[in-house]
Amino acid sequence: MAHAFPEDELKPISCEPQTRNRENPADIGLNDVLGNYSVTLIDSLSTLAILASDPEEQHARHALREFQAGVTALVELYGDGSEGKRCGSRACGFDLDSKVQVFETNIRGVGGLLSAHLFAVGDLPIRGYNPVWGGHGRTNVAIIWDGRFKYDGQLLRLAHDLASRLLPAFSTVTGLPYPRVNLKHGIPFHRDAEAGVCRIDGTSSDPREVTETCSAGAGSLVLEFTTLSRLSNDTRFEDLAKRAFWAVWERRSGVGLIGGGLDAESGQWTMPPLAGIGAGIDSFFEYALKASILLSGLSPPPTTTLTNPGMHDPQSYLQVWQASHSAIRHHIYRSSSTEKHPYYAQSDLLTGAPRYTWIDNLSAYYPGLLTLAGHLAEAIESHLLFSALWTRYSALPERWQPVGNMHTAGQPYIDPNFKHWAGRPEFVESNWYLFRATGDPWFLHVGEMFLRDVKRRCWTKCGWATLGDVVSGEQRDRMESFFLGETAKYLYLLFDENHPLNKGDRPIVFSTEGHPLVIPDRLRTHSRSRSNSAYGPPKESRFDAEDAPTCPAAPSPLPLTISHVANSPDLFHAAALAQLHLVPINPTRSSPLLEASGSSPGISLADIQSPSNYTFYPWTLPPSLIPPKGTSSPIQVPITSTLTFPNLNPPTADGDKRGPQIIPLGALQKVVEGVLINSLSNVRLSMVQQSKSLGMAGVPEFRIQSIANWALGRDEKVLVSREAVAAVSPADPHFTRVKDLEMVDLVVDAFGIAEEPSDGQDDDEPNVFAEWDIELPENATMDSSWSELQAMVSSLLSSALAGTPDHPTLTPVDKKRSATLNRHIIPAILPTGAGAAQLPAPLDPTTADDPAHLPLGYLPTSSIFFLDSTLCPPHRLPASIARTHNILVLKRGGCSFAEKLSAIPSFPPGPEALQLVIVLSVPESRSPGEKHMSASGELIRPLLDEVQRTPNGIERREPLAMVMVDGGEETVGWLRGAARSFGFFDEGGKLAEVKQGGLSAGVGDGEGEDGRAGLAVKRRYWFESMGVPIGNLIML
């Protein structure tokens, strides 16, 4: 205030104001933030209000006076926001010719004004401050401060003025706001940009303004704008902010990730398409979770053309956070199985494949967000690495690389272009959340380390400088407004355990700029809005309210050592990744010992020397918290393998093999499922061993993680053509094809009935194109050509029209309806036990006779009987059906598998007789555990624990082969469409048989112009390397 007010920022070294760079409008590092509206004061008002609850009464009174004086100064400069006193000595409201960033102006300006208003009127607590509204009439009601200033909501009106000047940025068809706006003129640089004159060199006299925004910038407006709308009764802000939030979420990729940059006009993600948790993305996740808290108990505003009820439901925001966290954990998280200590890096937006490994300073907020969501163990694990990095560098570099390169001898390093520390608060913010959740003193000592290092390295006689280089300690002459607005605030709250904000139990949230916000109780209801809106995650991935995580109770202190974190077995894993062992024991850091004075902060020995050593961190950790017999768990070393194939290219006419070290043109092809390999010549596959993702937990398998140095996502498949495999020796132990003795695929050609169109459309009708992503079971093979893939895609389209009910009832078809024949692949599991029988030879083809190669409508087995009942004694299957049908389809349940087979009479074997029994595992027959397995694509293996017998109890001479398939609606519909005959047991126990008919002309016997319905069995294979399966490698 003494050296820079009323300008935006202070230069702490030169003791001068920092203003906008009007000579260079392209200097967005300054101009995006500095709008010429005293941003540091506005950003710091909530910090002063928090300091006004200090336990020392003298300090509290001083902070409250400074808070009230700051409010008074703002009103004098910019007016009180009312029509009568709209102008101040500096401007009429914020009618300033300043082009600013929407995001920064919202979180610093609008958020700072709103939070200060809530403190001023008592909606946020200040110890000992009890504002009383006095006066008469509507225009005279106010809170009197010191008998002079009358506060009647000036900050709220100024926040409304400032936010209103941001609204022109929302005039896009996508709902995504433009990144910048002029506080006086709006967005003429966007509207008039196309009016420029084109020059011959390709430039323009009025070049196009940048329209790229970021997910954080567009999606982090909900807290401030909703609070403003509720306090001012102006719903425009809330509607536009929520519309922008959902506009970002709607553009998430197929793997559930959101990227950093996207164009406000086109809505397209910008290049490169990266996903992570840091810069450009961070506060979107933060506002998803915090919006669910702030909006809880609020009645939704009236629905407008911009919104629908689902966009206001707090549960929808919680579901966005949960779905985002799940995707982050799956695709962005680098686990301890492959790294010394887990961390979050950058992945491909579309596939989740790892792209870059750097960790940015802004990511340090994530442990605090995890703590708020109740994921405490993950939060502590993440925070350990940031604490270790701070211990090493006495600050956090803006970007740190945990994976070295040739220039660093493979050692981690600081990105040379991002070696500064701007005084950011995210690290100490997370530390505060974690201490509040655990009470572990380890976090207090992290805060002590932060405080001592900042005091030693950043103090100047006028303020606090940022660091241009965290290694050398070079200071930069800038103090960002968030240093006082956030960093100092969280540090203070960490050490004031009894502060009212640390004790409350209200839906108070801290914005991404550290401003406390709350919707007052008088505006809050106890009703909860429930919506079936399309907004939010898909229904199948939504979480119930009961699934919302809760923060576990703080554990009891450990005997002697007290701290659970200091005794954590992975404490040294983060130290190893940060290389704390390279820091000398008890070094004297580069700082003299100085007495506190006007030109020195006062540096003591405790500010520069560790009481233990630097592999124990934070470096301020006292020996009393170091476990005397602490044990570190071993760091996992990933098991990796590389398959390098030789030159398999055929020789040229002159006998020379072309390009012995070059992958042939067209050998690799990007497809939806992953990568298609048409030739293995000179291809290198890098693999990592991990636990099997499905089925037998803990069983190791390889996953191909990169092809020729191109990294793959965790869910991406490697599809290899039959021709490529044929060129490799089948006896090679490093690359062996193995027959699956547990799973097979049923190839089904079935008729799909096209129903008459209805007047309306069911809201629950599946999105056909969303189902286009073909999933294959674990370790499956697709022994077929691309025609099979095309048939599978077309089957998805036709099955969406089939519309089979959950429990189909057999009714004769009494009218002609058109039908189409489509091919489907149904995973099936073989039984085990004494009664299990091998597949008969006609249904167990060799590789050369792969049935998937047969044309559509010409599968070998077409006599299928669909029994729409359970087959349990005393019911018996008529012998005529067993003699005239090759395939019997029946439902699971009612009795054991062995009892079902015993209800099938004996019959003479023959080409027309029964060969296979298909059991449908319908939903009502599954146990609770099986329902969970079914949701993840697994099938439980049937047990035939005794030999097969006939209805008379005689051991069956030729046992029947059996498989079990998932009995969901889709599978039932396909098998019904392939059946020649149907049957069901009536109330008297007699079988009523119905012939398939009426589908279309000439299809009464299950045949049509394009062939007939039928079924075949296709064997599965997997690939192994030295006896270990390769989980994501599939042969076409």
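Since we're looking at a predicted model, the values are computed, not measured.

Quick look at the nonpolar core now. Ranked by size, the top nonpolar core spans 176 residues in total, and within it Phe67, Trp321, Trp421 and Trp442 carry the most contacts. Discounting chain neighbours no more than four positions away, the residues touching Trp321 are Phe285, Ala288, Leu289, Tyr366, Leu369, Leu370, Ala373 and His375. Counting 31 residues, the second largest nonpolar core, distinct from the first, contains Leu746, Val748, Leu843 and Trp974.

If you walk through the whole model with that rule in mind, you get 31 salt bridges. Here Glu57 makes a salt bridge to Arg61, at a shortest N to O gap of 2.9 Å. Residue Glu57 and its partner Arg61 are both found in helix α3 (residues 57-78); the two are separated by four residues, about one turn of the helix. Residue Glu57 is classed as exposed on the basis of its relative accessible area of 56%.

Here we take up the state of the cysteines. Tallied over the entire structure, the rule returns three disulfides. The residue that forms a disulfide with Cys15 is Cys462, at a sulfur-sulfur distance of 1.7 Å. The chirality of the disulfide connecting Cys15 with Cys462 is right-handed, given an S-S dihedral of about 90°. Of the two residues, Cys15 sits in the loop between β1 (9-11) and β2 (16-18) while Cys462 sits in the loop between α15 (441-458) and β18 (466-467), which places them 447 residues apart along the sequence. You'll find Cys15 and Cys462 in the same group, each marked buried. Bridging Cys872 to Cys895, the disulfide has an S-S length of 2.1 Å.

The tally for this structure, following the rule as stated, stands at 33 aromatic pairs. Linked through ring pairs, Phe245, Trp246, Trp249, Phe284, Phe285 and Tyr317 together constitute an aromatic cluster. Directly above the ring of Trp358 sits Arg399, whose terminal nitrogen or CZ lies 3.7 Å from the centroid. Between the NZ or CZ atom of Arg737 and the centre of the ring of Tyr1021, over which it lies, the distance is 3.9 Å.

Turning our attention to the UniProt feature "binding site: Ca(2+)" (unreviewed entry) in the protein chain. Those residues carrying the UniProt feature "binding site: Ca(2+)" (unreviewed entry) are Thr512 in this numbering. When its relative accessible area of 16% is taken as the criterion, Thr512 is described as buried. Residue contacts for Thr512: discarding those within four places in its chain leaves Phe103, Ile107, Ser283, Glu286, Tyr287 and Glu486.

With that out of the way, let us pick up the side chain of Gln579. Tracing the backbone through its elements, the reader meets Gln579 in the loop between α18 (571-578) and β22 (640-644). Excluding residues that lie within four positions of it along the chain, Gln579 makes contacts with Arg392, Gln411 and Pro412.

To continue, consider the sheet that holds strand β10 (residues 274-275). If you walk across this open sheet you meet the three strands as β10-β13-β14, and the pairing is antiparallel. The open sheet has two free edges, formed respectively by β10 and β14 (354-356), since each of these has just one partner strand. Note: strand β13 (residues 346-348) against β14, two bridges, orientation antiparallel. Bridging from a neighbouring strand, Gln346 pairs with Tyr356 of β14.

Let us look at the UniProt feature "active site" (unreviewed entry) in the protein chain. Here, the residues flagged by UniProt with the feature "active site" (unreviewed entry) are Glu104, Asp282, Glu398 and Glu426. By relative accessible area, which is 16% here, Glu104 ends up buried. Looking at the secondary structure, you find Asp282 in helix α10 (residues 282-294). Beyond its immediate stretch of four places on either side in the chain, Asp282 contacts Ala216, Ile277, Leu362 and Tyr365.

Moving on to the sheet that holds strand β5 (residues 142-145). In any sheet, the strands associate via hydrogen bonds between backbone groups, in a parallel or an antiparallel arrangement. Strand order across the open sheet formed by three strands is β4-β5-β6, with antiparallel pairing between neighbours. At either margin of the open sheet sits one strand with a lone partner, and together these are β4 (133-134) and β6 (149-151).

With that out of the way, let us pick up the pairing of β5. Note that β4 and β5 share two bridges and pair antiparallel. By the bridge assignment for β5, Gly134 is matched with Ala142. Where β5 lies against β6, three bridges are found, and the strand directions are antiparallel. The partner of Trp145 across the bridge, within β6, is Phe149. Taken together, β5 and the strand that follows it, β6, pair antiparallel across an intervening segment of three residues, in which Asp146 is found at a positive phi of about 55°.

Turning our eyes to something else, we now look at the confidence of the model for the protein chain. Taken as a whole, the protein chain shows an average pLDDT of 85; of its residues, 83% reach a score of 70 or greater. Taken as a whole, residues 193-199 scores under 50 in pLDDT and shows 15 contacts with residues more than four places along the chain or in a different chain. Confidence over residues 527-533 falls short of pLDDT 50; this stretch has 17 contacts with residues more than four positions distant or in other chains.

We now examine the pairing of strand β36 (residues 991-995). Relative to β36, strand β35 (residues 981-985) is paired through five bridges, and the arrangement is antiparallel. Each bridged residue has a counterpart across the sheet, and for Ser981 the counterpart in β36 is Lys995. Linkage of β35 to β36, two consecutive antiparallel strands, is achieved through a turn of five residues, within which Gly989 is found at a positive phi near 85°.

Let us look at the packing of helix α4 (residues 102-120) against helix α8 (residues 222-232). The N-to-C vectors of α4 and α8 enclose an angle of 45°; their axes lie 10 Å apart at closest approach. Viewed along their axes, α4 and α8 adopt a mutual orientation that is oblique. For the crossing formed where α4 meets α8, the hand is left-handed. Across the interface between the two elements, Asn106, Ile107, Val110, Gly111, Leu114, His117 and Leu118 from α4 touch Glu224, Phe225, Thr227, Leu228 and Leu231 from α8.

A few words on the environment of His341. Within the element layout of this structure, His341 appears in the loop between β11 (333-334) and β12 (343-344). His341 sits 61 residues away from Pro402 along the chain, and the two C-alpha atoms are 9.9 Å apart. Ignoring anything within four residues of it in the chain, the contact list for His341 reads Arg334, Glu381, Leu384, Leu385, Asp570, His573, Ala574 and Leu577. Of note is the side chain of His341, whose polar atom sits 2.7 Å from the backbone oxygen of Glu381.

Okay, the side chain of His573 next. Topologically, His573 is positioned in helix α18. A distance of 2.6 Å separates a polar side-chain atom of His573 from the backbone oxygen of Ser633. In contact with His573, other than residues within four places in its own chain, are Lys340, His341, Ser632, Ser633, Pro634 and Ile635.

As a further point, take the packing of α8 against helix α9 (residues 236-250). Across the interface, α8 lies against α9 with an axial gap of 7 Å and an inter-helix angle of 155°. By the angle between their axes, α8 is roughly antiparallel relative to α9. Crossing of α8 over α9 shows left-handed handedness. Taking contact as the criterion, the partners of Val222, Phe225, Thr226, Leu228, Ser229 and Arg230 in α8 are, on α9, Arg236, Phe237, Glu238, Ala241, Lys242 and Phe245.

Backbone torsion omega between Tyr617 and Pro618 reads 0°, so that peptide bond is classified as cis. Summarising the element assignment, Pro618 is placed in the loop between α18 and β22. The step from Pro873 to Pro874 runs through a cis peptide bond, and the omega angle for that step is 15°. Of note, Pro874 is situated in the loop between β31 (864-870) and α21 (879-884).

Turning our eyes to something else, we now look at the environment of Val428. Relative to the helices and strands, Val428 is located in helix α14 (residues 426-438). With 64 residues separating them along the chain, Val428 and Ala364 place their C-alpha atoms 8.5 Å apart. Ignoring any residue separated from it by four or fewer positions in sequence, one finds Val428 in contact with Phe450, Thr487, Tyr490 and Leu491.

Calculation criteria
Residues numbered from 1 in each chain as written. Predicted model: local features only at pLDDT ≥ 70, side-chain atom pairs only at ≥ 80, totals over all residues. Heavy atoms only, no water. Core = buried A, V, L, I, M, F, W, Y, C linked by side-chain atoms within 4.5 Å. Buried < 20%, exposed > 50% of the residue type's maximum accessible area, 1.4 Å probe, protein only. Contact = heavy atoms within 4.5 Å. Salt bridge = Lys/Arg side-chain N within 4 Å of Asp/Glu carboxyl O. Helix = DSSP H or I, 4+ residues; strand = E, 2+ residues; numbered from the N terminus. Disulfide = S-S within 2.5 Å. Phe/Tyr/Trp six-rings, centres within 6.5 Å; stacked < 30°, edge-to-face > 60°. Lys NZ or Arg CZ within 6 Å of the ring centre and 35° of its normal. UniProt positions renumbered as here; feature names shortened; annotations may be inferred. Pairing = 2+ DSSP bridges. pLDDT = per-residue confidence, 0-100. Axes fitted to C-alpha atoms, helices over the stretch in contact; angles between N-to-C directions. Parallel < 35°, antiparallel > 145°, perpendicular 65-115°, else oblique. Left-handed = near helix turned anticlockwise from the far one by under 90°. Polar contact = N/O pair within 3.5 Å; in protein donor to acceptor, adjacent residues only side chain to side chain.

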